[in-house]
Amino acid sequence: MGAITVSRQVGSRGDELAALVAQRLGWRLVSRDLINQAARKAGVPEVALAEVDELGLLGIRPSARDWRAYQTQVERIIRELADEGNVVIVGRGGQIVLRARPDVLHVRVVAPFELRLNWLQQERGLGREAAAACLEASSRARARYIRRSYHVNVEDPSLYHLVVNTGLLSLERAANLVIQALQEIGGL
Amino acid sequence: MTQQDTSRRNVVFSHPSEQEFAHILDFYQIPWEYEPRAFALAWDENGNVTEAFTPDFYLPEQDLYIELTTMEQHLITRKHRKLRRLRELYPEVKIKLINRHAFKQLMLKYGLDESEIPIGNTANKESPSEISRSVDSHPSGE
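So, here is what we can say about the structure in this document. (Residues numbered from 1 in each chain as written. Chains lettered and ligands numbered in written order. Predicted model: local features only at pLDDT ≥ 70, side-chain atom pairs only at ≥ 80, totals over all residues. Heavy atoms only, no water.)

1. Things to note about the layout of surface pockets
Residue and element names in this part refer to chain A.
- In this model, the largest pocket occupies a volume close to 1000 Å³.
- Lining the largest pocket are 48 residues, with R8, D15, R32, E54 and R142 positioned closest to its centre.
- Among the elements that take part in the lining of the largest pocket, helix 7 (residues 128-150) stands out by supplying 9 residues, more than any other.
- Considering only residue class, the lining of the largest pocket consists of 20 nonpolar, 12 polar and 16 charged. (1 Å grid on protein atoms, 1.4 Å probe; cavity = no way out; pocket = protein on both sides within 12 Å on 5 of 7 lines; lining within 4 Å. Points joined across faces, edges and corners; volume = space filled by probe spheres on them. Helix = DSSP H or I, 4+ residues; strand = E, 2+ residues; numbered from the N terminus. Nonpolar A, V, L, I, M, F, W, Y, C, P; charged D, E, K, R; others polar.)

Next comes the structure, spelled out in structure tokens:
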């Protein structure tokens, strides 16, 4: 009845790793669904759009009130998911919301800048300059979300049981480590 | 190419800004529908729809309609009046106005404005034929 939270650097293939772990465990994977569900429940669906728009291309700036309503729902849903168990939760500060839960493993996925840049270029079909700008803007947006919500630095390793570098490990081996760590904390 | 990209190639947009907006949604992998529904706003004495409003986009995952706005004041006023009416008649419908000029420069900044998709001819989406083709009347049958 455990759970895993996955925080990832942009372009680190953290989403793929989360999906692989969920698949191997037979667990549910929750990623962008969490954003949309929380925004719909809070009655502020445009906040979901603003959250996905990490580059600020759409110019949507939710009011503080709407954002708080959204954030409250995010935390509620994350807790409910952890209560249900057998779930891999990607992003949205799950490592903070669930930090007091002993049966939840917190994982951070990182990779060297050049690898992340190459991945983004291939994945999105972007030139190097555009990919670098996207990488920077998306990284800033994710760090801002955690800092604004919880006043912590998303890169702080003390927030995680495990920091995995996909530049040094294949996804398969990284998934092995995550599952082994989950067993170690009694989450399986 | 994603399925979403494929579907976009068959869409005839009324305005280049709509194509740009669709491009951004594709970039973020946000599913979208273009003008999927017309909302009836007024009826004559025989119950025929005389005025309707068709938001530009519907985002099913967010359950949100998007209307791209212009900066021309007379159009803004008219559009806002229609939006007020829409919210009165369909309070469950969520709709967001986005300034259609705001995102162009940002797209260029990030080098994302590289679409080669041809833009269709301009169509009046609120023409009588369009209304009769796709209008959804108010549930109360007004």
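2. Let's talk about the pattern of salt bridges
All names here are of chain A.
- This structure, assessed with the given rule, holds 15 salt bridges over all chains.
- With a shortest N-O distance of 2.8 Å, R108 and E155 are connected by a salt bridge. Linking R108 in strand 4 (residues 104-110) with E155 in the loop between helix 7 and strand 5 (162-165), this pair joins segments that are 47 residues apart in sequence.
- For E155, a relative accessible area of 38% gives the class partly exposed.
- What you see here is one network of salt bridges that share partners, running through D83, R101 and D103. (Salt bridge = Lys/Arg side-chain N within 4 Å of Asp/Glu carboxyl O. Buried < 20%, exposed > 50% of the residue type's maximum accessible area, 1.4 Å probe, protein only.)

3. Some words on the packing of aromatic side chains
- Taken as a whole and assessed by the stated rule, the structure comprises 11 aromatic pairs over all chains.
- Their ring planes at 65° and their centres at 5.8 Å tell us that W67 of chain A and Y145 of chain A sit as a pair that is edge-to-face. Taken together, the positions of W67 of chain A in helix 4 (residues 64-84) and Y145 of chain A in helix 7 put the pair 78 residues apart, joining distant regions of the chain.
- The buried category is assigned to W67 of chain A, whose relative accessible area is 8%.
- Judged by its relative accessible area of 6%, Y145 of chain A falls in the buried class.
- Seen in terms of ring centroids, F13 of chain B and Y34 of chain B are 4.9 Å apart; in terms of plane orientation they differ by 70°. Their pairing is edge-to-face. Of the two residues, F13 of chain B is situated in the loop between helix 1 (3-8) and helix 2 (16-27) and Y34 of chain B in strand 1 (residues 33-34); the sequence distance between them amounts to 21 residues. Taken individually, F13 of chain B and Y34 of chain B each receive the classification buried, so the pair is uniform in this respect.
- Cluster of aromatic residues (ring-pair linked, three or more members): F13, F21, W32, Y34 and F57 of chain B.
- Its end group placed over the ring of Y145 of chain A, R92 of chain A keeps NZ or CZ at 4.2 Å from the ring centre.
- Over the aromatic face of F27 of chain B sits the side chain of R124 of chain A, whose NZ or CZ is 4.7 Å from the ring centroid. (Phe/Tyr/Trp six-rings, centres within 6.5 Å; stacked < 30°, edge-to-face > 60°. Lys NZ or Arg CZ within 6 Å of the ring centre and 35° of its normal.)

All quantities given are derived from atomic positions and should not be read as evidence of function.
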